Amino acid sequence: MNIGWYLAVSALVFCTGAAGVLTRRSPLVILLCLELMLNAANLALIAFSRMWGNGDGQIFAIIVMVVAACEVCIGLGLVVAIFRRRLPIDVDEMRELHG
Amino acid sequence: MSAVLFFIAGIGAVAGAIGVATVRNPFYAVLALVSHLLCLAALFLLLRAEFVAAAQVVVYAGAVMVLYVFVVAYVGGAADPVRPAGGPGLRAASIVFAALLFAELLIAIIGSGLKAIDTKGAAYQPGFGTPNQIGELLLTRFLFPFETASFLLLIAAVGAVVLARRRGGLDPDHDELMRTIPVKRPLGTGTTREGVGDVNPTPGMGSLPIAVGAGDESQERGR
């Protein structure tokens, strides 16, 4: 297939993730939708790497995977800490950063 | 043949993405994301990125999704929002925003000056996408991002442990609860001396010849 088809799939997955981040209230599902957006960016990077014929885009995709893994660890740690303090797990209620 | 595989994997990836964004249960949303990641790995294979496809399956669908499943199993019962989502207005606004973003991205793709988007990419070289090429690139041209990514992973691991650790006891409420209960009991309650009979002797137990020493004491007490 042409590279443009892969970019179209990437754009569609990215927009679906953006709609999910805006709509959902659970921070777990918002982290999942952020994963969708990062994976869509990875697909675009791999498509451009195939278009140019060198491996720079694949290196960028691996670095994006590292950043996504760090984001998942910190985000889920925050969710567990919020749950332990018996606070409501709702993104509209999480607007203060006091201990 | 690659067109059929592309449409199967692409439709699977988009269906998984829509499932993640719309399914109510967080556990089923995680499963939808796993299926989306597997279809995305198939798309990576179609783009001749073998190492990144394997890393996608091992790192994402293996490790990160297992972490998600554990946190959903731990927090999942309370993760349902107390009140429903932000109402039909917010949902319609988010769908309109996503549609406008998709239209903008399609205009950017179609109207870009990159003529190679309409082709199948550059001519395939035998070493493209192999671990050999990626390892060489990581240690020569991209050495600094590679080392920075290592430090970032270390900082994230330490931060996650600090965030999720317990702070004394099982629960702060339990410590407060145990501290307020006034427990009063006679001295020696629950010890071995109580079992022998030296503390709080049970009436009638003294006359039984349980042991030689106990017998002597009971005889003395009988006098």
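The model shown is predicted, which means the values in this text are computed figures rather than measured ones.

Undergrad: Sorry, what's going on with the UniProt feature "transmembrane region" (unreviewed entry) in chain B here?
TA: Residue and element names in this part refer to chain B. When the UniProt feature table is mapped onto this chain numbering, "transmembrane region" (unreviewed entry) sits at residues 27-47, 54-75, 95-117 and 138-164. Secondary structure content for residues 27-47 is 95% helix and 0% strand, and the end C-alpha separation is 30 Å. As annotated, residues 54-75 comprises 100% helix and 0% strand, and the C-alpha atoms at either end are separated by 30 Å.

Undergrad: What exactly am I supposed to notice about the environment of alanine 15 of chain B here?
TA: With respect to the element layout, alanine 15 of chain B can be found in helix 1 (residues 2-22). Judged by its relative accessible area of 46%, alanine 15 of chain B falls in the partly exposed class.

Undergrad: What should I look at first to understand the nonpolar core in this one?
TA: The tendency in soluble globular proteins is for nonpolar side chains to be buried side by side. Counting residues in each nonpolar core, the largest one holds 60 residues, and the members touching the most others are Tyr6 and Leu43 of chain A together with Leu43, Val52 and Tyr68 of chain B. Listed by contribution, the elements that provide at least two residues to this core are helix 1 (3-23), helix 2 (27-52) and helix 3 (56-84) of chain A together with helix 1, helix 2 (26-46), helix 3 (50-75) and helix 5 (131-139) of chain B. Those residues in contact with valine 52 of chain B, other than ones at most four positions away along the chain, are Ile46, Gln58, Ala61, Ile62 and Met65 of chain A together with Phe44 and Ile134 of chain B. Core analysis: the second largest hydrophobic core is formed by six residues, Ala18 and Ala19 of chain A together with Ala98 and Leu101 of chain B among them.

Undergrad: Could you clarify how one ought to interpret the confidence of the model for chain B in this entry?
TA: Note that predicted coordinates carrying low pLDDT should not be read in detail. Residues and elements named next belong to chain B. When pLDDT is averaged across chain B, the result is 78; 73% of the residues are at 70 or more. Per-element confidence in chain B is highest for helix 2, whose mean pLDDT is 92, and lowest for helix 9 (residues 212-222), whose mean pLDDT is 46. Segment residues 211-223: pLDDT under 50, and four contacts once partners within four positions in sequence are set aside and those in other chains are kept.

Basis of the calculations
Position numbers for residues count from 1 along each chain, tracking the sequence in the order it is written. Here the convention is simple: chains get letters from A, ligands get numbers from 1, in the order in which they are written. This being a predicted model, a pLDDT of at least 70 is required before a residue's local features are given, and a value of 80 or more before pairs of side-chain atoms are given or counted; all residues contribute to the totals for chains, interfaces and linings. Excluded from the side-chain calculation are hydrogens and water; included are all heavy atoms of the structure. UniProt positions are given in the numbering used here, feature names are shortened, and annotations may be inferred rather than shown by experiment. Secondary structure counts use DSSP, requiring at least four H or I residues in a row for a helix and at least two E residues in a row for a strand, with both numbered from the N terminus. Relative accessibility thresholds used throughout: buried, under 20% of the residue-type maximum; exposed, over 50%; partly exposed, between the two (1.4 Å probe, protein chains only). In this text, buried Ala, Val, Leu, Ile, Met, Phe, Trp, Tyr and Cys residues form a nonpolar core when linked through side-chain atoms within 4.5 Å. For this analysis, residues touch if any pair of their heavy atoms sits within 4.5 Å. Confidence scores here are pLDDT values: one per residue, from the predictor, ranging 0 to 100.

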